[in-house]
Amino acid sequence: MSELRLRVTATADLTPTVRRFVLQDRRGIALPGYEPGAHIVVTTPAGHRRSYSLVDPGGARPSDYAVCVRRDSRGRGGSVSMHDDVAVGTDLVVSAPANRFPLRPSPRYLFIAGGIGITPIRAMVRRLRAEGRTGVQVLYLTRSAAETPFLEEFDGPEDLVHHGAGRGRLDLWPHLAVPDDDVRIYCCGPAPLLRTVQALTAHWRASRIHMEEFTAPQGGVSVPFTAVWAPDARRVDVPAHLSLLAALRRDGVPVPSSCEAGVCGTCRLRVMHGEVEHRDSVLTPGERDASMVACVSRARSAEIVVGPWEGGST
Ligand code: FES
């Protein structure tokens, strides 16, 4: 994965917890292009690697990358480092953009965003509306108006912004009851929202449904374990505060990665021995029999034996 060193040139608080960061090349050189739905992996000043969607529509040679980060003080520390340690002038190492949630052609679209899951959807909607497209419907679910980034952009006739505080959940069924092959549904948000949309669209053609979870499910308490790297029998200690991926890299085992949130499968490893606590959102039950993702999943047993997955990715 190629990496860039970019400078934060602007920040803005969009809500009390969501901050927008704009990153540019220090010499003003145009950046590698991207399309709506793309993300970059940012190494925070505290050393976390976090995947953030690019919130603008992109193009061939953009002048900047913009991401939005919601501060989660109960998370794994990445968002807190972005909020507390990054300011205008900070240099950050980021990956070139990758896209696992691409916008596919369709006569019409239904976008469903939950909270900060609006970020890739905003990029898609802006691209389509800039092209003059109609039939671009948005359902945007948040807790309150004050906690709704980009609220002012979603006030058109095809937009429905629903604030749950005091009103309960929006009933999505009226929007999903009738399957339509001329519509693509894009949904991004927390796992419960994705599960709901999945259940309510079971009668739709699967190719019309596109989902992105903005964070992998958090596991329980993390305990230390030992990983044995099968190719050379190297023993790698994985402390509670480090991921298997980070511990392998610390000890010189190069494992490819992209999202580092358990949602893309790039860091998949073969499991030869030991019990795994799967914390990802990408592997199927069948795939979990003999593999795991190293960025979020951990061992349940004191020792686990792992090796490279053929091809290194899903
Ligand atoms: S890097 Fe994406 S699942 Fe691990």
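Structure report, in brief.

Parameters and conventions
- Residues numbered from 1 in each chain as written.
- Predicted model: local features only at pLDDT ≥ 70, side-chain atom pairs only at ≥ 80, totals over all residues.
- Heavy atoms only, no water.
- Helix = DSSP H or I, 4+ residues; strand = E, 2+ residues; numbered from the N terminus.
- Rg over C-alpha atoms; globule rule 2.2 N^0.38 Å.
- Contact = heavy atoms within 4.5 Å.
- Areas by Shrake-Rupley, 256 points an atom, 1.4 Å probe, with all protein chains shown as cover.
- Lys, Arg positive; Asp, Glu negative; His and termini not counted.
- Charge placed at Lys NZ, Arg CZ, Asp CG, Glu CD.
- Polar contact = N/O pair within 3.5 Å; in protein donor to acceptor, adjacent residues only side chain to side chain.
- Buried < 20%, exposed > 50% of the residue type's maximum accessible area, 1.4 Å probe, protein only.
- Arc of directions from axis to C-beta.
- Pairing = 2+ DSSP bridges.
- Axes fitted to C-alpha atoms, helices over the stretch in contact; angles between N-to-C directions.

Description of the overall build of the protein chain
Here's step 1: Within the protein chain, the secondary structure is distributed over five helices and 18 strands.
Here's step 2: For the protein chain, whose C-alpha radius of gyration is 20 Å, the value lies close to the compact-globule estimate of 20 Å for 314 residues.
Here's step 3: A sequence separation of at least 24 residues applies to 64% of the contacts in the protein chain between residues at least 6 apart.
Here's step 4: Within the structure as shown, the protein chain displays about 14,300 Å² of accessible surface, and the carbon and sulfur contribution to it stands at 51%.
Here's step 5: With 38 positive and 34 negative side-chain charges, the protein chain shows a spacing of 1 Å between the two charge centroids.

Description of unusual backbone geometry
Here's step 1: Phi angles above zero are rare outside glycine, and F150 is one such case at about 65 degrees.
Here's step 2: Of note, F150 is situated in the loop between β8 (136–142) and β9 (159–163).

Things to note about the side chain of R127
Here's step 1: Looking at the secondary structure, you find R127 in helix α2 (residues 118–130).
Here's step 2: A polar side-chain atom of R127 sits 2.8 Å from a polar atom in the side chain of E35.
Here's step 3: When sequence neighbours within four positions are dropped, the list of residues in contact with R127 reads E35, P36, P57, G58 and G59.

Side note on helix α4 (residues 191–200)
Here's step 1: Listed as buried for α4 are A191, L193, L194 and V197. For α4, the arc enclosing every buried residue in end-on projection is 160 degrees, short of the 170-degree limit, so these residues lie on one face. Those residues of α4 that are exposed and angled more than 90 degrees off the buried face are R195 and A199.

Some points on the sheet that holds strand β12 (residues 225–229)
Here's step 1: Judged by pairing direction, the sheet is mixed, and its five strands sit side by side in the order β13-β12-β18-β14-β16 without closing on themselves. The open sheet is flanked by β13 (234–238) and β16 (291–293), the only strands paired with a single partner. Taking the axes of each pair of neighbouring strands and ignoring which way they run, one obtains an average angle of 40 degrees across the sheet.
Here's step 2: Direction of pairing for β12 relative to β13: antiparallel, over a ladder of five bridges. Pairing of V228 across the sheet is with R235, part of β13.

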